[in-house]
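Topology and contacts: notes
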Amino acid sequence: MAEWWRSAVLYEIYVRSFADGNGDGVGDLPGIRSRLPYLRDLGVDGIWLTPFYPTPDVDHGYDVADYVDVDPRFGTLADFDALVADAHELGLRVVIDIVPNHTSDQHRWFRNALSRPDHPDRARYVFRPGRDGGPPNNWTSAFGGSAWKLDEASGEYYLHFFAPEQPDLDWHNEDVQSSFEEILRFWLDRGVDGFRIDVAQALFKDRSLADMNEPVPRTWHADWVTAINQPELHPLYESWRRVADEYPGERMFVGEIVLADQDAVARYVRPGQLNLAFNFTLLHEEWDAAAMRETIDRSRVAFDAVGAPATWVFENHDVVRLPTRYGGGEDGRRRARAAALLLLALPGAVFLYEGQELGLEEVEIPDELRQDPIFFRTNGARTGRDGCRVPIPWDGGPPSFGFTTGKPWLPIPDEWNALSVAAQQADDESMLALCRQALALRRRSPPLREGSFRWEPSPTGTLAFTRESGDSVACVVNVDADPVSLPEGRVLLATEPLVGRRLPRDAAVWVGLRP
Ligand code: NOJ
């Protein structure tokens, strides 16, 4: 299909937590490779791999010490090539994470930068003198505290929007720009189908370094961060797109752009720039029909206006798992199933997070086992993201569940026995079975993949829309209303048993409509 990414379903693999091939308790590339048939059978179009580069692991791979190699814990470049070859053989695209906003403090460039103030690599970072005996301005780190750290040897501060071990690059520096073009080409030459760009709205900083006014409490999005979302980014992404377009096979970029203003996000996916941008608005919405409808419309209108597909995300490695956000337990289970049918019926590209297809809940990790820098840098005030990063329970039961032959890097709850891949494969009513059926239907249904979108009248507390391309498919979601009647047609898939052709609350259905 032309421009495959427009309606693709990409499956996020959190590399540390998917499958471990060498028994050290941490997931790796050979482990992933051995599980590719599972993903083919699930029916996704491709995978997005979180960073697997050499890393001191301060932010679990988002602190990169070398952009053109594989960390020995995750494998080798040969393992990467074999993974790409196998994935392509199975018809799966491979998208990798690129982390251009910051490096690790162990990257050669930063070590050079600290070695002496006149080293040319120092200009790749943002070093500035302090102000009034403190940091140069009031910018704060997303992980807590000031965004500046003093380099005692020189008396200057350097900028870090995340951990101090993740110094921000200065994108106004031309060496930074040319190095990243080489890095993109290195991976494009190895056959990757695209890149997920980390913190894609933040690469250039406001040159004036003006102070910011932060809302208290801080919000999930960064619209208020006047230091970022700078105009220089657009020509940069145009140049990246030109690089990718030199390669055959429709390589693509998806930007992690954490802004609530969807018109601002859409400016990054205008023709000739990025192909896709994450849309996190739905992910931060309550299980509330009116709010979800409003959010869906805001995104559709903004992306339609620039001719780009919307993207839809309900889970990733940075947020509390969906069944838990939606109430947990039986409520969470039902709502997660309904949300899956909503997600896979919306027009545009979809990102699924590993374990979402199993309905996994957030795990309460004991403090002494926590790993996320957010927990440590806020002195425990924010628990961090470990609870959504627990390894996948494949089979064989506790404690390692076939994830590893060793000890999983985060403990897998015993109760996940009932949710393991093996258990769900044996159960036609499982979340895994539902996701497989939905993905198979979406794959062979022109309306669901590329059809037009229209809201249908429906009672308060419900969502109903039709996708049409020759045939039509209706998606009805009963969020919190009395049982609702369904349109005439054939029920293709329902998340709960219907009560005399009525859809109960916390449930969703797809109906094939007669032309
Ligand atoms: C966004 C990533 O998803 C998150 O995991 C990471 O901590 C930050 N960017 C910093 O790289």
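In this report, we go over the structure that sits alongside the text. The structure displayed is predicted, hence computed values, not measured ones.

Points about the nonpolar core
With 146 residues, the main nonpolar core has Leu-39, Leu-49 and Trp-510 as its most contacted residues. Top element by residues in this core is helix α10 (residues 329–345). It accounts for 9 residues. For Leu-39, the residues in contact, after removing those within four places along its chain, are Tyr-11, Ile-13, Phe-18, Val-44, Ile-47 and Leu-92. Of all hydrophobic cores here, the second largest spans 20 residues; its members include Trp-148, Tyr-157, Leu-209 and Ile-228.

Observations regarding the sheet that holds strand β9 (residues 276–277)
Taken together, 8 strands build an open sheet; the order of strands is β9-β8-β7-β3-β2-β1-β11-β10 and the sheet is parallel. Of all the strands in the sheet, just β9 and β10 (311–313) have a single pairing partner and so form its edges. As defined by bridge partners, strand β1 (residues 9–13) adjoins strand β2 (residues 46–49) across 4 bridges and the pair is classed as parallel. Across the sheet, Glu-12 pairs through a bridge with Trp-48, a residue of β2.

Re the site of the ligand
Around the ligand there are 13 residues in total, and Asp-59, Asp-198, His-317, Asp-318 and Arg-385 lie nearest to it. Side-chain polar atom of His-102 to an oxygen atom of the ligand: 3.0 Å apart, as the coordinates give it. A distance of 3.0 Å separates an oxygen atom of the ligand from a polar atom in the side chain of Arg-385. Calculation on the ligand without its partners gives an accessible area of 300 Å², and the protein chains cover 97% of this total. Of all the cavities here, the one that holds the ligand is the largest pocket. Residues of the shell around the ligand, tallied by class, amount to 4 nonpolar, 2 polar and 7 charged.

The rules we used
- Residues numbered from 1 in each chain as written.
- Predicted model: local features only at pLDDT ≥ 70, side-chain atom pairs only at ≥ 80, totals over all residues.
- Heavy atoms only, no water.
- Core = buried A, V, L, I, M, F, W, Y, C linked by side-chain atoms within 4.5 Å.
- Buried < 20%, exposed > 50% of the residue type's maximum accessible area, 1.4 Å probe, protein only.
- Helix = DSSP H or I, 4+ residues; strand = E, 2+ residues; numbered from the N terminus.
- Contact = heavy atoms within 4.5 Å.
- Pairing = 2+ DSSP bridges.
- Near = heavy atom within 4 Å.
- Polar contact = N/O pair within 3.5 Å; in protein donor to acceptor, adjacent residues only side chain to side chain.
- Areas by Shrake-Rupley, 256 points an atom, 1.4 Å probe, with all protein chains shown as cover.
- 1 Å grid on protein atoms, 1.4 Å probe; cavity = no way out; pocket = protein on both sides within 12 Å on 5 of 7 lines; lining within 4 Å.
- Sits in = over half its atoms within 2 Å of the grid points.
- Nonpolar A, V, L, I, M, F, W, Y, C, P; charged D, E, K, R; others polar.

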